[in-house]
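Listed below are the residues making up each chain.
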Amino acid sequence: MILKRITRTAAVLAATVGLGVGLAAPASASAASPTAALATTWWDGAEFQAQVDNRPGNGSESWLWLADYRHRDGLGAIAHVKYYGDNTSYGWGPPEDGTSEVGLSRDVSQFPVCEFGNQTYHNCSSWISLSR
């Protein structure tokens, strides 16, 4: 999958697909949910993105990409992924000053992206639901 930075307008539209605010309890993913999605949040001129794909075609069950578009500010992007099956969740990140990616061993049911600094989640996007 080739990733490219999308315009802020498209990112806002992708982020509004999710339900809830911040790290509040998310709703269940439905069959109508996409299998891949992008979440974006901003803080003080910094942009943070997370993209999850449950059908990456690279041998992984799912795939996560994180980006921090403002560098050397001590902040980073973090995604809080919730897995299908046992409903466990885990925070991935943060890459500071750039991007990172990881293949995940299970499909992701939901995720937001947050600005992360001082060991704390801040300014999270809405939760985005994914299908398997």
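Calculation notes
- Just so you know, the residues in each chain are numbered from 1, in the order the chain's sequence is written.
- The model is predicted, so local features are restricted to residues of pLDDT at least 70 and side-chain atom pairs to those at 80 or more, both for listing and for counting; the totals for chains, interfaces and linings are taken over all residues.
- Side-chain metrics rest on all non-hydrogen atoms present in the structure, leaving aside hydrogens and water.
- To qualify as a helix, a DSSP run of H or I must reach at least 4 residues; to qualify as a strand, a run of E must reach at least 2; elements of each kind are numbered from the N terminus.
- Confidence of the prediction at every residue is given by pLDDT, a number between 0 and 100.
- Throughout, a residue-residue contact means that at least one pair of heavy atoms, one from each residue, lies within 4.5 Å.
- In plain terms, two cysteine sulfur atoms within 2.5 Å form what is called a disulfide here.
- Summary of the burial criterion: residues with accessible area below 20% of their type's maximum are buried, those above 50% are exposed, and those between are partly exposed, where the area comes from a 1.4 Å probe applied to protein chains only.
- A pair of Phe, Tyr and Trp rings is counted when the ring centres sit within 6.5 Å of each other, with Trp represented by its six-membered ring. The angle between the planes then sorts it: under 30 degrees is stacked, over 60 is edge-to-face, the rest tilted.
- Whether a charge sits over a ring depends on NZ of Lys or CZ of Arg being within 6 Å of the ring centre and within 35 degrees of the ring normal.
- DSSP bridges decide pairing: two strands pair if at least two such bridges lie between them.

Q: What's the story with unusual backbone geometry in this structure? I'm lost.
A: Excluding glycine, most residues fall at negative phi; most peptide bonds, likewise, are trans. At the junction of Gly93 and Pro94, the peptide bond is cis and its omega measures out at 0° in the coordinates. Tracing the backbone shows Pro94 in the loop between β5 (89-92) and β6 (99-104). Of note, the phi angle at Asn87 is positive, near 65°, even though the residue is not glycine. With respect to the helices and strands, the residue Asn87 is situated in the loop between β4 (76-83) and β5. Positioned with a positive phi, Gln119 is a non-glycine residue whose angle comes to about 60°. Along the chain, Gln119 falls in the loop between β8 (113-117) and β9 (120-122).

Q: Looking at this model, I keep getting lost on the confidence of the model for the chain. Mind explaining?
A: Predicted coordinates in regions of low pLDDT should not be interpreted in detail. Considering every residue of the chain, the mean pLDDT works out to 77; 75% of them sit at 70 or more. Residue range residues 1-25 is modelled with pLDDT below 50. Its contacts to residues more than four positions away, or to other chains, number 43 contacts.

Q: Help me understand the state of the cysteines, please; the structure alone is not making it clear to me.
A: Each disulfide consists of one covalent bond between the sulfur atoms belonging to two cysteines. Evaluated as defined, the whole model comprises one disulfide. The disulfide bridge from Cys114 ends at Cys124, spanning 2.0 Å between sulfur atoms. On the sign convention where negative is left-handed, the bridge of Cys114 and Cys124, at about 105° about the S-S bond, is right-handed. Pair noted here: Cys114 is in strand β8 and Cys124 is in the loop between β9 and β10 (128-129), with a separation of ten residues, a long-range link. You'll find Cys114 and Cys124 in the same group, each marked buried.

Q: Teacher, can you tell me more about the packing of aromatic side chains here?
A: Taken as a whole, this structure holds two aromatic pairs when the rule is applied. For the ring pair Tyr90 and Trp92, a centre distance of 5.1 Å and an interplane angle of 65° mean the geometry is edge-to-face. Taking the relative accessible area as the measure of exposure, Tyr90 reaches 46% and is therefore partly exposed. Look at Trp92 and you get partly exposed, because its relative accessible area is 26%. A ring pair is formed by Phe116 and Tyr121, whose centres lie 5.8 Å apart and whose planes are at 85°; its orientation type is edge-to-face. Residue Phe116 is classed as buried on the basis of its relative accessible area of 14%. Against the face of Tyr83 rests Arg106, its NZ or CZ located 4.3 Å from the ring centre.

Q: Looking at this model, I keep getting lost on the pairing of β8. Mind explaining?
A: The element β8 is largely enclosed, with a buried count of five among its five residues. Burial along β8 is two-sided: Val113, Glu115 and Gly117 and Cys114 and Phe116, pointing in opposite directions, are all buried. Where β4 meets β8, four bridges bridge the pair, whose relative direction is antiparallel. Directly across from Ile78, in β8, lies its bridge partner Cys114. Linkage of β8 to β9, two consecutive antiparallel strands, is achieved through a turn of two residues, within which Asn118 is found at a positive phi near 55°.

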